[in-house]
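Close look at the chain arrangement
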Amino acid sequence: MQTELSTFDRLRCKVFNGAFAGVVGVTCTFPLDLVKTRMQSQNKSGGGPPKYRNAAHCFQSVVRGEGFRGLYRGVGVNLLLINPEKAIKLVVNDELRRNFAKRSGKQKISVLHEVLAGAGAGSCQIVITTPMELLKIQMQLASQIPGNKMTALQLAKQLYSEKGLRGLYKGTLVTALRDVSFSCVYFPLVGIGCSYFASEGEDKFTSFMKTLAIASFAGASASGLVTPFDVVKTRIQTISPGVNAVKYNGVPDTFAKVIKNEGFGALYKGCVPRMSVIAPLMAIAQSVYFIGVAEMLFGVNDKKY
C-alpha cells in the first residue's frame, strides 16, 4: 500500500532518482563525451595538422587504435561521481522550484524563479563537477601521453599531495561559468516547455515522451550556448598538454589565446559532439527522474511534488 511522502522520504526519493538517472545517462553517452574532449584538447601549437579531422574521424581513430574499451576510458570516475553530481543538480533545482511555488501560492513559477532555481542547482553541483571533470579529462587523454599508466585514484592522490584541495579544484571558476549558465538556460526551458505542452488527463507514457523531447531540446540548446566555456575549461584542466602546447593562465588569458591562435571558431570545437552528448544525457536523466524509480522501489505515493 502506498503512503504519502514525508519530507525525508521525498528527499530520499529525489536523491535516488537523480543518482540513478545520472548513471543511466552517462553509460549511454560517454563515448561521445570522450570524442568531445579529444576534439577540444587539440590546438595548433605543434604546427602540424590536428590529429583528428572531425568527430567521426576521432571516433573511428579511437576504436581502431584503442579498441571499443577506449571509448569508455575514464568512465569509472564519472560513474562514481555522477551519482552525487546529478542528484545535487536535479534535487536542488526541484526543491528551489517547489519553495518558490509555495511562497507565491501558485503551481506555475515565474521565468525569473525558473532561472534562479537553475542558477542555484548549477552553483551547488560544481563542488562535485570540478574534480570529476578534471580527473575524467586526464583519463580520456591518457592514451595520448606515452607511458601514462596512472589511474584516476592515483592521480587524485598525487594532485592532493602536491597541491592540496586546490589541485583537485583547478578550473573551478570556468566550471562554475559553464554549469551555472547551462542550468540557467536548461531548467527554465524544461519547466516552461513542460507547462506549455501539458494536457489534462494525459497518460504517463505521453508525459514521459514529452519530457524526453523537451529535455533533449533544452539540453542541446543550453550545451551549444555554453560550449566556449567548456572549451576553455578543457584547456585549463588539461594537466599534461604536451611539450609544444600553449600554456594558459586563467579564464581571460585562455579565451584570448584560443581566439588569437586558432580563431573565434575554435571556441566551438566539439560543439556538435557536446550537444550530441548533453541532449540524450539530460533527456535520459530528466525522464528517468520523472518516472520515479525510487517511488516504485520504496512503495510510496508516486504523486509529483
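Residues numbered from 1 in each chain as written. Predicted model: local features only at pLDDT ≥ 70, side-chain atom pairs only at ≥ 80, totals over all residues. Heavy atoms only, no water.

Here we look at the packing of aromatic side chains
Our working rule: Between 30 and 60 degrees the pair is tilted, below 30 it is stacked and above 60 it is edge-to-face, where a pair is any two Phe, Tyr or Trp rings, Trp via its six-membered ring, whose centres lie within 6.5 Å. A run of H or I in DSSP counts as a helix once it spans at least four residues, and a run of E counts as a strand once it spans at least two, with each numbered from the N terminus. Note on classification: 1.4 Å probe, protein chains only; a residue is buried when its accessible area is under 20% of the maximum for its type, exposed when over 50%, partly exposed between these limits.
Enumeration over the complete set of coordinates arrives at eight aromatic pairs. Between Phe182 and Tyr186 the ring centres are 5.4 Å apart and the planes differ by 10 degrees, which places this aromatic pair in the stacked class. Within this pair, Phe182 and its partner Tyr186 are both found in helix H7 (residues 172-196), separated by four residues, close to a single helical turn. Both residues of the pair, Phe182 and Tyr186, count as buried. When the centroid spacing of 5.0 Å and the interplanar angle of 75 degrees are considered together, the rings of Tyr186 and Phe187 count as edge-to-face. Given a relative accessible area of 0%, Tyr186 falls into the buried group. Judged by its relative accessible area of 4%, Phe187 is buried. Through a chain of ring-to-ring contacts, three or more aromatic side chains come together here, namely Phe30, Phe68 and Tyr72.

Some words on helix H8 (residues 204-225)
A turn of α-helix holds 3.6 residues, and therefore any two residues three or four places apart point the same way. Convention followed: Every helix has an expected span of 1.5 Å times one less than the residues it contains.
Relative to the 32 Å expected for 22 residues at 1.5 Å per residue, H8 spans 31 Å between its end C-alpha atoms, a close match to the ideal helical length. For H8, the complete set of buried residues consists of Ser207, Thr211, Ile214, Ala215, Ala218, Gly219, Ala220, Ala222, Ser223 and Gly224.

Quick look at the environment of Tyr186
Where we set the bar: By the convention used here, residues are in contact when the closest approach between their heavy atoms is within 4.5 Å.
Spatially, the C-alpha atom of Tyr186 lies 20 Å from that of Gln107, the residues being 79 residues apart in sequence. Apart from residues lying up to four places away in sequence, Tyr186 is in contact with Ala215, Ala218, Gly219, Ala222, Met282 and Gln286.

Let's talk about the environment of Ala156
Within the secondary structure layout, Ala156 lies in helix H5 (residues 152-163). Taking the C-alpha atoms as reference points, Ala156 and Leu135, 21 residues apart in sequence, are found 7.3 Å from one another. Apart from residues no more than four positions distant in its own chain, Ala156 is found in contact with Leu135 and Leu168.

Focus on the side chain of Lys233
The condition that has to hold: Polar contacts here mean pairs of N or O atoms no more than 3.5 Å apart (in protein, one a potential hydrogen donor and the other a potential acceptor; neighbouring residues in sequence count only if both atoms are side-chain atoms).
Turning to its location among the elements, Lys233 is positioned in helix H9 (residues 227-237). Side-chain polar atoms of Lys233 contact the side chain of Glu133, separated by 2.7 Å. Once you skip the residues sitting within four places of it in the chain, Lys233 turns out to touch Glu133, Ile137, Val174, Thr175 and Arg178.

Spatial relationships are all this shows, so hold off on functional conclusions.
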